[in-house]
Amino acid sequence: MSDSAVRAAFAFQANWARTLGAPFTERLIVAVAGVIDGSTAVGARVLGWPGEPVADALVLRLLGGLNALVRAGALPRLAAAYPPNPLPEHDFIAGRVAAALADPRLLPWLDSPPQTNEVGRSGVLMPGLMAIAAATGLPLRLFELGASAGLNLRLDHYGYDFNGLTVGPADAAVRLVPAWSGSPPPDVPVAVVARAGVDRAPVDLRRDADRLLAYVWPDQPDRVARLDAAIAAFLADPVPIVGADAADWVEDQVALLPGTATVVLHSIAFQYFPAASQARIAKHMEALGAAATVAAPLAWLRFEFETAADLPTLRLRLWPDGEDRLLARAHPHGASVAWLG
Ligand SMILES: C[S@@+](CC[C@H](N)C(=O)[O-])C[C@H]1O[C@@H](n2cnc3c(N)ncnc32)[C@H](O)[C@@H]1O
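Residues numbered from 1 in each chain as written. Predicted model: local features only at pLDDT ≥ 70, side-chain atom pairs only at ≥ 80, totals over all residues. Heavy atoms only, no water.

**A closer look at the side chain of Asn117**
Rules: A run of DSSP states H or I qualifies as a helix once it reaches four residues; a run of E qualifies as a strand once it reaches two. Both are numbered from the N-terminal end. In protein, a polar contact requires one atom able to donate a hydrogen and another able to accept it; more generally it is a pair of N or O atoms within 3.5 Å, and residues adjacent in sequence count only if both atoms are side-chain atoms.
Mapped onto the fold, Asn117 is located in the loop between α6 (90–100) and α7 (122–136). Engagement of the side chain of Asn117 in a polar contact is seen with the backbone nitrogen of Leu151, the distance being 2.9 Å.

In structure tokens, the structure reads:
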């Protein structure tokens, strides 16, 4: 891959940061792009990247590394340019980051793609569970695919305000208030009686919490605080996440149980599964759906991108009738929800 493709990836990512309202991150990316050269091991590796820089999230790998070292107190001179300090002038941040790029501790961060677990998506999935509870009147068993660290599997422990409809424990450590449009979700209590998750590369929060936090941009303090709170709550009451391919796990684990609604759910994950796994999951769901009854229903709740250009959708397929409903369109991090259900 050419140096110019890498430079284009910096421009692309800076543009995204601007679009997402992250001015420090935009300025940091512009500064890195201006000073990076082949004179450091990090610069040489980045500029000589053999893969697809945008698809490989190369810039985000580097930002994650810088943020991790700043958060750990290992780059105090660069930290002086980071939030909560005021937005730095270009020359100030460029000088500081040029020195930081000589740090070999950044190299391992280039080895693997960012790992994320966006708690804000619970604010999209929870109304979906409310729709399932309303339709079935049964307690739910949750099976999450591509669960990452598993933070969204504890969604019933979070507090919500859906345009004035408050849901969840009043003293919840995590509170989500998405900007809501459309009618409210069904005001029905959700009882989760079992939960389990799978991920090809699960994040073990006992070891990797700092890594997960490093990928949240430092000028998004609300997301950082929310993730921090969700991690602490998870560590006090963990959910085991199995390391496996989602299709293997679905075939092995997901079965109907009378008296409960069996719920398979996933958010911004299905697109990453191999096509063969996607097909096997769909086949297993169809087979289970054919056996589902009113006393043992099956739900498939998906918050996924349908096209790259549009907001992701929340869809629910519910058996025994097998009807598929478009419940919502929502911001990818759950910042806003347009309820259509
Ligand atoms: C973008 S992350 C989303 C994580 C989480 N669902 C969320 O909304 O925060 C996608 C996740 O899918 C997982 N994944 C990718 N391929 C997989 C597979 N074949 N089986 C299980 N998980 C997979 C990744 O490891 C990653 O954790």
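After that view of the structure, there is still more to cover.
**Overview of the environment of Val337**
Worth spelling out the cut-off: Exposure classes here rest on a 1.4 Å probe applied to the protein chains alone. A residue is buried below 20% of its type maximum, exposed above 50%, and partly exposed in between. Between two residues, a contact is recorded if the distance between any of their heavy atoms is within 4.5 Å.
Within the secondary structure layout, Val337 lies in strand β12 (residues 336–339). Classification of Val337 by relative accessible area gives buried; the value is 1%. In sequence terms Val337 and Ser148 are 189 residues apart; their C-alpha atoms lie 22 Å from each other. Setting aside its immediate chain neighbours within four residues, Val337 contacts Gly123, Val124, Pro178, Ala179, Trp180, Ser181, Ala328, Arg329 and Ala330.

**Description of the sheet that holds strand β6 (residues 192–199)**
In plain terms, the rule: At least two DSSP bridges between two strands are needed for those strands to be called paired. Orientation is described by lines fitted to C-alpha atoms, with helices fitted over the stretch in contact, and by angles between N-to-C directions that extend from 0 to 180 degrees.
One open sheet accounts for nine strands, arranged β5-β12-β11-β10-β9-β8-β1-β6-β7; its pairing is mixed. With one partner strand each, in any of the chains shown, β5 (179–181) and β7 (241–243) form the two edges of the open sheet. Across the sheet, the mean angle separating the axes of adjacent strands is 20° when strand polarity is ignored. Where strand β10 (residues 313–319) meets strand β11 (residues 323–330), six bridges bridge the pair, whose relative direction is antiparallel. If you follow Leu314 over to β11, its bridge partner there is Ala328. In the packing of helix α11 (residues 275–291) onto the sheet, contacts are made with β1 (140–145), β8 (261–267), β9 (298–304) and β10, and the angle to β9 comes to roughly 150°.

**Observations regarding the domain arrangement of the protein chain**
What counts here: As annotated, the domain borders come from an automatic or database domain assignment. Put simply, buried area is how much 1.4 Å-probe accessible surface two parts lose in total, over both of them, once they are put together. A carboxyl oxygen of Asp or Glu within 4 Å of a side-chain nitrogen of Lys or Arg is what we treat as a salt bridge.
Looking at the assigned domains, one finds that the protein chain contains domain 1 (3–110) and domain 2 (119–339). Distance from the C-alpha centre of domain 1 to the C-alpha centre of domain 2: 32 Å. Interface of domain 1 and domain 2: buried area, both sides summed, is about 1100 Å²; carbon and sulfur atoms make up 63% of it. Where domain 1 meets domain 2, there are zero salt bridges. Taken together, domain 1 and domain 2 are joined by four residue pairs in polar contact (both at pLDDT 80 or more).

**Focus: the site of the ligand**
What counts is decided by this rule: Residues are counted as near a molecule or strand when any one of their heavy atoms sits within 4 Å of it. The Shrake-Rupley method, run with a 1.4 Å probe sphere, supplies the accessible areas, and residue values consider only the shown protein chains as cover.
The immediate surroundings of the ligand are formed by 19 residues, with Glu118, Arg121, Asp199, Asp245 and Ser267 found nearest. At 2.8 Å, a backbone N or O of Gly146 approaches a nitrogen atom of the ligand. Note that a nitrogen atom of the ligand is positioned 3.0 Å from one of the backbone N or O atoms of Arg200. Notes on the ligand: free accessible area 600 Å², of which the protein chains cover 91%.

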